Amino acid sequence: MKIEALLDAKDLFEDVIENEEPKINAKDIECILEHKAWKKKIKEAMGILVFSLIAEQAIIYKFIKKAKDIWNEIKLRFEGAVEDRKIDLMLELTSLKNHRAEASMDT
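Summary of the structure given here. (Residues numbered from 1 in each chain as written. Predicted model: local features only at pLDDT ≥ 70, side-chain atom pairs only at ≥ 80, totals over all residues. Heavy atoms only, no water.)

## Re the pattern of salt bridges
Opposite charge on two side chains permits pairing when their charged atoms draw close. The criterion, for reference: Any carboxyl oxygen of Asp or Glu within 4 Å of a side-chain nitrogen of Lys or Arg constitutes a salt bridge here. Only runs of H or I of at least four residues qualify as helices and only runs of E of at least two qualify as strands under DSSP, and these elements are numbered from the N terminus. Per-residue accessibility, obtained with a 1.4 Å probe over protein chains only, is compared with the maximum for each type, and a residue is labelled buried under 20%, exposed over 50%, and partly exposed between these values.
Here the structure, examined in full by the defined rule, presents three salt bridges. The residue K10 makes a salt bridge to E44 at a minimum N-O spacing of 3.8 Å. In this pair, K10 is assigned in the loop between α1 (2-9) and α2 (13-18) and E44 in helix α3 (residues 29-51), connecting sequence segments 34 residues apart. Its salt-bridge partner being D15, residue K41 comes within 2.3 Å of it at the nearest N-O pair. Of the two residues, K41 sits in helix α3 while D15 sits in helix α2, which places them 26 residues apart along the sequence. For D15, a relative accessible area of 25% gives the class partly exposed.

Below, the structure is given as structure tokens:
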């Protein structure tokens, strides 16, 4: 969430993560300039993504060269961990409720 907010604040999230690489036409100077600006945004987004991770996490994504691909991998890895944690907490809460109900029946 924090990484997404930072990318969005710098107008990088939509351009770099959600949109595809703009097509390049070597004969169209405006198209070339647009592609060059997009590549600069990619580098900035990559920097934000990499610096947002601890070294052990960053090394996992070392060989991924596109910000969008790194973002998708990070999202997949951490969203899964969050969902697993939610399930664990729900099971723990259910267990505590059951234990409490059993304790009140005994009294």
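## A closer look at the packing of α1 against α3
The line we're drawing: The convention used is that axes are lines fitted to C-alpha atoms, helices contributing only their stretch in contact, and that angles between N-to-C directions extend from 0 to 180 degrees. For classification purposes, an angle smaller than 35 degrees is called roughly parallel, one larger than 145 roughly antiparallel, one from 65 to 115 roughly perpendicular, and anything else oblique. Handedness of a crossing is defined here by the sense of rotation of the near helix relative to the far one, left-handed for an anticlockwise turn of less than a right angle and right-handed for a clockwise turn. By definition, residues are in contact when any of their heavy atoms lie within 4.5 Å. Residue classes follow a fixed rule: Ala, Val, Leu, Ile, Met, Phe, Trp, Tyr, Cys and Pro count as nonpolar, while Asp, Glu, Lys and Arg count as charged, and any other residue, Gly among them, counts as polar.
At a minimum axis separation of 10 Å, α1 and α3 run at an interaxial angle of 155 degrees. In terms of axis orientation, α1 runs roughly antiparallel to α3. Relative to α3, α1 is oriented so that their crossing is right-handed. When α1 is examined against α3, the residues I3, L6 and L7 are found in contact with a partner set consisting of A45, I48 and L49. Across the contact of α1 with α3, the residue classes tally to six nonpolar, no polar and no charged.

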